[in-house]
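# Observations on chain architecture
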Amino acid sequence: MITVGLSTLGFCSLAMLSAMFSALAFYAASPHCRWPRLRRAGRLGRQIGMVAAVASLWLWMAELGVAAGLVAMLCTWMLVALLLPALAAWHRPAMDGSAREPR
C-alpha cells in the first residue's frame, strides 16, 4: 500500500484552498453574485460552502492547533470573501446580459 504524507506546506495549502473554495461557494449562492455563470452554478452553494468550511477548519486545526487554526481559517475565509465582490466590481460583468455600457 502506498501512503502519501502531506508536508506542512501541503497541509496548509490544502486548508487554504478549501477555505477559498468555501468562500467562493457562499458567494455563488449569494443574491449579490455578479457573475451569471457562477450564480447558476451556485444552487448548492451554501451546502457545499459549509462542507468546505468545516474541512478547512479541520485541516487548519490539525496543523496549527485549535485557536491558531480557527484564526487562520477565518482570516483566509474573510480575505477571499472580501476580495470576490471587489474582483467582480472591477471586472464589471453585466447583471442580466441586457445592460449596456454608459455613453
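Described below are features of the structure shown in this document. The model shown is predicted, which means the values in this text are computed figures rather than measured ones.

Reading the values: the criteria
- Residues numbered from 1 in each chain as written.
- Predicted model: local features only at pLDDT ≥ 70, side-chain atom pairs only at ≥ 80, totals over all residues.
- Heavy atoms only, no water.
- Helix = DSSP H or I, 4+ residues; strand = E, 2+ residues; numbered from the N terminus.
- Buried < 20%, exposed > 50% of the residue type's maximum accessible area, 1.4 Å probe, protein only.
- Contact = heavy atoms within 4.5 Å.
- Areas by Shrake-Rupley, 256 points an atom, 1.4 Å probe, with all protein chains shown as cover.
- Axes fitted to C-alpha atoms, helices over the stretch in contact; angles between N-to-C directions.
- Parallel < 35°, antiparallel > 145°, perpendicular 65-115°, else oblique.
- Left-handed = near helix turned anticlockwise from the far one by under 90°.
- Nonpolar A, V, L, I, M, F, W, Y, C, P; charged D, E, K, R; others polar.
- Polar contact = N/O pair within 3.5 Å; in protein donor to acceptor, adjacent residues only side chain to side chain.
- Phe/Tyr/Trp six-rings, centres within 6.5 Å; stacked < 30°, edge-to-face > 60°.

### Side note on the overall build of the protein chain
- On a plain count of helices and strands, the protein chain comes out with 4 helices and 0 strands.
- Burial status across the protein chain gives 29% buried among its 103 residues.
- Long-range contacts, defined as pairs at least 24 residues apart, comprise 63% of the intrachain contacts of the protein chain with a sequence gap of at least 6.
- Summed over all atoms, the accessible surface of the protein chain reaches about 7,500 Å², with 70% contributed by carbon and sulfur.

### Considerations on the packing of helix α1 (residues 8–29) against helix α4 (residues 66–91)
- As a packed pair, α1 and α4 sit with axes 9 Å apart at the nearest point and diverge in direction by 45°. When the axis of α1 is compared with that of α4, the two are oblique. In the packing of α1 onto α4, the handedness of the crossing is right-handed. Judged by residue contacts, M16, A19, M20, S22, A23, L24, F26 and Y27 of α1 engage T76, W77, V80, A81, L84, P85 and A88 from α4.
- Of the residues that constitute the contact of α1 with α4, the class distribution is 13 nonpolar, 2 polar and no charged.

### Notes on the side chain of S56
- Note that S56 resides in helix α3 (residues 45–64).
- Given the relative accessible area of 0%, S56 is considered buried.
- Reaching out from S56, the side chain makes a polar contact with the backbone oxygen of A15 at a distance of 2.9 Å.
- Setting aside residues no more than four positions away along its own chain, S56 makes contact with A15, S18, A19 and M73.

### Some thoughts on the packing of aromatic side chains
- Going through the model one piece at a time under the given rule, you end up with 2 aromatic pairs.
- The interplanar angle of 80° and the centroid separation of 6.0 Å between the aromatic rings of Y27 and W35 together place this pair among those described as edge-to-face.

### Side note on the packing of α3 against α4
- Axis separation between α3 and α4 bottoms out at 7 Å; the angle between their running directions is 135°. Between α3 and α4, the angle is such that the two are oblique. Crossing handedness for the pair α3 and α4: right-handed. In this structure, α3 contributes A53, S56, L57, W60, M61 and L64 to the contact, and α4 contributes V66, A68, G69, L70, A72, M73 and T76.
- When grouped by side-chain class, the residues that make up the contact of α3 with α4 number 10 nonpolar, 3 polar and no charged.

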